[in-house]
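Chain residues, written in single-letter form:
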Amino acid sequence: MPSKAIVGSAACGATALLMSACATHVTAPEPAEIPATLPEPDTTEPAKQDSEGAMPVEDGAEPEPQAVLFTPDESLKLCPTLGVSNRPATDADGYVTDFAPFARVTETVLLAIVPVNGACLSSGMGPRGEKLHKGIDLQTRPASMVHAAAAGTVREAGYRDDYGFQVVLDHGDDVFTRYAHLQGFEEGISVGATIDFGTPLGLMGNTASYYIPIHLHYEILVGNYDTPADSFGLAPIDPFDYRLLDAFEE
């Protein structure tokens, strides 16, 4: 069962404009008369743009994180060349059975199970060696953008030797998500920022104080954040243990 994709396109794109159905016939206007006196030229230096055409942020202004259209994949497959620990139930082709893009964690919080497109599952949640693996691991080749699994507020955004560059989001109702081993952070991702569902957080990476493959470590956490342990005082939950909902039920 291959993953489904939702692709949007303009009705008359660059190629379609060559077709008669999209062509527009315009009558050339009459040339304007040249005035007797011309206005003085504007010698004001235009504002400089960056290499991508974006206007610079004024000094001292904090950039706002920008949400983008993000549609989670409708299926999830195990990474075919890896021995996947704590693997959920799968069909004969390696796809996770009874999978849907979202999980209802509380009455008010609906989270994307896989906050990245085109990923395979390289590890589930559960015991791994002598420790508890508190989330799921997802991989893509090449590395893909990681998105916010739901709207929320950034509680943590920084580097740790064990998690590398990591972001923790507060979704309200004592529900949180962690995104670890990122290559870095997208513009505007900083503590206190309010973000929407689908906001890009950063590319998956392999940041940590030890060697790891490029991947995303993703955790769903519940509990009281306001303790001395912060996010490490929260309880991890397995996303595959929760009732999964189709994206269009809501």
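Residues numbered from 1 in each chain as written. Predicted model: local features only at pLDDT ≥ 70, side-chain atom pairs only at ≥ 80, totals over all residues. Heavy atoms only, no water.

Colleague: What's the story with the state of the cysteines in this structure? I'm lost.
Modeller: Two cysteines joined by a covalent bond between their sulfur atoms form a disulfide. Overall, the coordinates contain 1 disulfide when judged by the stated rule. Note on cysteine connectivity: Cys79 is disulfide-linked to Cys120, with sulfurs 2.0 Å apart. Taking the torsion about the S-S bond as the criterion, the Cys79 to Cys120 disulfide, at about 90 degrees, is right-handed. Of this pair, Cys79 sits in the loop between strand E1 (77–78) and strand E2 (102–104) while Cys120 is found in strand E4 (residues 120–123), placing the two residues 41 residues apart along the sequence. In this structure, Cys79 and Cys120 share a single accessibility class: buried. (Disulfide = S-S within 2.5 Å. Helix = DSSP H or I, 4+ residues; strand = E, 2+ residues; numbered from the N terminus. Buried < 20%, exposed > 50% of the residue type's maximum accessible area, 1.4 Å probe, protein only.)

Colleague: I keep staring at the layout of surface pockets and nothing clicks. Help me out?
Modeller: In this approach, a probe sized like a water molecule rolls over the atoms, and the result shows the empty space that is left. When its volume is computed, the largest pocket comes out at roughly 520 Å³. Along its surface, the largest pocket is lined by 18 residues, and Arg128, His133, Asp137, Tyr210 and His217 are the ones closest to its centre. Looking at the lining of the largest pocket, the elements that each hand over two or more residues are E4, strand E6 (131–133) and strand E7 (136–139). Considering each element in turn, the lining of the largest pocket owes the most residues, 3 residues, to E6. Looking at the lining of the largest pocket, its residues break down into 6 nonpolar, 7 polar and 5 charged. (1 Å grid on protein atoms, 1.4 Å probe; cavity = no way out; pocket = protein on both sides within 12 Å on 5 of 7 lines; lining within 4 Å. Points joined across faces, edges and corners; volume = space filled by probe spheres on them. Nonpolar A, V, L, I, M, F, W, Y, C, P; charged D, E, K, R; others polar.)

Colleague: When you look at unusual backbone geometry in this model, what are you seeing that I'm missing?
Modeller: Most peptide bonds are trans, and most residues other than glycine sit at a negative phi. Omega for the bond connecting Arg141 with Pro142 falls within 30 degrees of zero, at -5 degrees, which places this linkage in the cis form. Within the secondary structure layout, Pro142 lies in the loop between E7 and strand E8 (145–147). Even without being a glycine, Asp173 presents a positive backbone phi close to 60 degrees. Inspection of the secondary structure puts Asp173 in the loop between strand E10 (164–170) and strand E11 (175–182).

Colleague: How should the packing of aromatic side chains be read in this particular structure?
Modeller: How two aromatic rings sit relative to each other is given by the distance of their centres and the angle of their planes. Per the stated rule, a full pass over the model turns up 7 aromatic pairs. Ring geometry for Phe165 against Phe185: centres 5.6 Å apart, planes inclined by 80 degrees, an arrangement best described as edge-to-face. Highlighted residues: Phe165 in strand E10 and Phe185 in the loop between E11 and strand E12 (194–195), separated in sequence by 20 residues. For Phe165, a relative accessible area of 29% corresponds to the partly exposed category. Residue Phe185 is classed as partly exposed on the basis of its relative accessible area, which comes to 30%. Among the aromatic residues, those joined into a ring-pair cluster are Phe70, Phe102 and Phe197. A cation over an aromatic ring shows up here: Arg178 above the ring of Tyr163, its NZ or CZ 4.8 Å from the ring centre. (Phe/Tyr/Trp six-rings, centres within 6.5 Å; stacked < 30°, edge-to-face > 60°. Lys NZ or Arg CZ within 6 Å of the ring centre and 35° of its normal.)

Colleague: When you look at the pattern of salt bridges in this model, what are you seeing that I'm missing?
Modeller: Side chains bearing opposite charge may pair, as long as their charged atoms lie close to each other. Across all of its chains, the model carries 6 salt bridges by this definition. Across the pair Arg155 and Asp170 runs a salt bridge, and its minimum N-O distance is 3.2 Å. Here Arg155 is found in strand E9 (residues 152–160), whereas its partner Asp170 is found in strand E10, with 15 residues between them in sequence. With relative accessibility at 14%, the residue Asp170 sits in the buried group. A salt bridge links Arg178 to Glu156; its shortest N-O distance comes to 4.0 Å. Taken together, the residues span a long stretch of sequence, with Arg178 in strand E11 and Glu156 in strand E9 at a distance of 22 residues. The class for Arg178 is buried, based on a relative accessible area of 1%. Glu156 gets classed as buried once you look at its relative accessible area, which sits at 12%. Among the charged side chains, a salt-bridge network with shared partners connects Arg155, Asp170 and Asp226. (Salt bridge = Lys/Arg side-chain N within 4 Å of Asp/Glu carboxyl O.)

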